[in-house]
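Fold and geometry: a report
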Amino acid sequence: MEARTAAAYDGNALAGPLADVFAVEMTTATGRCHGCGTSSELATFRVYGPDPGFVGRCPECESVLIRIVRTPDAMWLDLSGMSAVRISMSADSSATAHLT
Ligand SMILES: [Zn+2]
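All residue numbers refer to positions counted from 1 along the written sequence of the respective chain. Reporting in this predicted model follows two pLDDT cut-offs: at least 70 for local features of residues, and 80 or more for side-chain atom pairs to be given and counted; totals over whole chains, interfaces and linings ignore these cut-offs and use all residues.

In this section: the confidence of the model for the chain. Taken over all residues, the pLDDT of the chain has a mean of 84, while the share at 70 or more is 83%. Predictor confidence is given residue by residue as pLDDT, running from a minimum of 0 to a maximum of 100. This entry defines residue contacts through backbone-placed C-beta atoms, with two residues in contact when those atoms are within 7 Å. The low-confidence segment residues 94-98, where pLDDT is below 50, has eight contacts with residues more than four positions distant or belonging to other chains.

Bringing the sheet that holds strand S6 (residues 64-71) into the picture now. Think of it this way: DSSP has to see at least two bridges between two strands before they count as a pair. Starting at the N terminus, helices and strands are each numbered in turn, a helix being any DSSP run of H or I of at least four residues and a strand any DSSP run of E of at least two. If you trace the five strands from one edge of the open sheet to the other, you get S1-S4-S5-S6-S7, paired in antiparallel fashion. The sheet terminates laterally at strand S1 (8-10) and strand S7 (74-78), the two strands that pair on one side only. With strand direction ignored, the average angle separating the axes of adjacent strands in the sheet is 20°. As paired elements, S6 and S7 share five bridges and run antiparallel to each other. Considered in S7, the bridge of Ile68 is made with Leu77. To get an axis, a line is fitted to the C-alpha atoms, and for a helix only the part in contact is used. The angle between two axes follows their N-to-C directions and goes from 0 to 180 degrees.

Of note, the bond from Gly49 into Pro50 is cis; its omega dihedral lies within 30 degrees of zero at 10°. Cis peptide bonds are those with omega within 30 degrees of zero, and the linkage from Asp51 to Pro52 qualifies with 5°. Phi at Glu62 is positive, roughly 70°, even though this residue is not glycine. On the secondary structure map, Glu62 appears in the loop between strand S5 (54-57) and S6.

Looking now at the nonpolar core. By definition, a nonpolar core groups buried Ala, Val, Leu, Ile, Met, Phe, Trp, Tyr and Cys residues that are joined through C-beta atoms within 7 Å. With C-beta atoms placed from the backbone, a residue counts as buried when 20 or more other C-beta atoms lie within 10 Å of its own, as exposed when 12 or fewer do, and as partly exposed for counts between those limits. Ranked by size, the top nonpolar core spans 17 residues in total, and within it Leu14, Leu42, Val47, Phe54, Leu65 and Met82 carry the most contacts. Those elements that provide at least two residues to this core are S5, S6 and strand S8 (82-86). Ranked by residues supplied to this core, first place goes to S6 with three residues. Not counting residues within four places of it along the chain, the set of residues in contact with Leu42 comprises Gly11, Leu14, Met26, Thr27, Ala29 and Gly31.

Looking now at the sheet that holds S8. Reading across from one edge, S3-S2-S8 is the order of the three strands in this open sheet, with antiparallel pairing throughout. The outermost strands of the open sheet, each flanked by one partner alone, are strand S3 (39-41) and S8. Taking each pair of neighbouring strands and ignoring which way they run, the sheet shows an average axis angle of 25°. Looking at chain direction, strand S2 (residues 30-33) and S3 are connected through three bridges and run antiparallel. Each bridged residue has a counterpart across the sheet, and for Thr30 the counterpart in S3 is Glu41.

This is the structure in structure tokens:
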């Protein structure tokens, strides 16, 4: 695959990598930016990558919200740019994942 690091994609580019980690649809999850406090659907993040990994930035202030890097034997997931992540769940298993 050709390395693409200069162009920005929308947050839907993170669907595949996140599907490897989470068993739910993550592009509709909402993340709260640690920098500006804006809550945005993951699908609206500005995404750069895929090499050497994916970086998702806040659509409001461009702060780094998420980093995903795959190595031959592991996946590194950095969510430190988000103060919280809200993941919609079905009524029988409601849950919200909070970080920090
Ligand atoms: Zn922000």
